[in-house]
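These are the residues of each chain, in order.
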Amino acid sequence: MLVVQPPATAIPVAPSKREQRTAFDIQVIRPYFGAVMVRIRGALDADSAPQVRSALSTWAHRRFPVLVLDLSEVDFLDGAGLAALGGIQAWAARENATLRVVTGDNRVVRRALSASGLDHALNVSRLPSGWERATEIPSQS
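Everything in this summary refers to the structure shown in the same document.

Cut-offs and rules
Residues numbered from 1 in each chain as written. Predicted model: local features only at pLDDT ≥ 70, side-chain atom pairs only at ≥ 80, totals over all residues. Heavy atoms only, no water. Buried < 20%, exposed > 50% of the residue type's maximum accessible area, 1.4 Å probe, protein only. Helix = DSSP H or I, 4+ residues; strand = E, 2+ residues; numbered from the N terminus. Arc of directions from axis to C-beta. Contact = heavy atoms within 4.5 Å. Polar contact = N/O pair within 3.5 Å; in protein donor to acceptor, adjacent residues only side chain to side chain. Salt bridge = Lys/Arg side-chain N within 4 Å of Asp/Glu carboxyl O.

Within helix α4 (residues 107-116), burial applies to Val109, Ala112 and Leu113. Buried residues of α4, seen end-on, are gathered within an arc of 95° and therefore sit on one face of the element. Seen from the buried face of α4, the exposed residues on the opposite side, beyond 90 degrees, are Arg107, Arg111 and Ala115. Contacts from the buried residues of α4 go to β3 (66-77), α3 (79-94), α5 (118-121) and β5 (124-125). The residue sitting at the N-terminus of α4 and contributing the capping side-chain oxygen is asparagine 106; that oxygen lies 3.0 Å from the backbone nitrogen of valine 108. Taken from the residues just after α4, glycine 117 is the one with a positive phi, measuring 85°.

Below, the structure is given as structure tokens:
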């Protein structure tokens, strides 16, 4: 006996993680008590890393003692993004500035930093998004 099945019906597929990412956005908050904060949203990858470097270069001519990177809303971080963070750390060291990285409860960023070993090189804090207390972060948390 031969049984013929009707053609398979299309099953809706959930959008991929790449499609669910938020649009990349970078916001530089004016210096406040000698600190400047850069808030990054979306993917920090090969496409956006040059934009982050460019935003920081606009502040490079100004001397500020503390640079706060708020990565709490970054939803993707790849090798290019990690390399950019390492470059920012090197730049801050050359300029005698303190780099503070705020991750909030962002597992994506914390895992990438941990896997790369950058969590030991960078001054990472789990403070919530924002920078009101970021200039007062102890050296390591």
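Once the structure has been displayed, the description carries forward.
Time to look at the environment of alanine 23. With respect to the helices and strands, alanine 23 occurs in the loop between α1 (17-20) and β1 (25-32). Distance from alanine 23 to aspartate 75, taken between C-alpha atoms, is 9.8 Å for residues 52 residues apart in sequence. Once you skip the residues sitting within four places of it in the chain, alanine 23 turns out to touch Arg41 and Gly42.

So, on to the pattern of salt bridges. In a structure, side chains of opposite charge can pair up when their charged atoms sit close to one another. Tallied over the entire structure, the rule returns three salt bridges. For arginine 39, the salt bridge identified is with aspartate 70, shortest N-O distance 3.2 Å. With arginine 39 in strand β2 (residues 35-44) and aspartate 70 in strand β3, this residue pair connects regions lying 31 residues apart in the sequence. When the shortest N-O distance is used, the salt bridge between glutamate 73 and arginine 41 registers 2.8 Å. Highlighted residues: glutamate 73 in strand β3 and arginine 41 in strand β2, separated in sequence by 32 residues. Overall, the relative accessible area of 24% leaves arginine 41 in the partly exposed class. By sharing partners, the salt bridges in this structure join Asp25, Arg41 and Glu73 into a single network.

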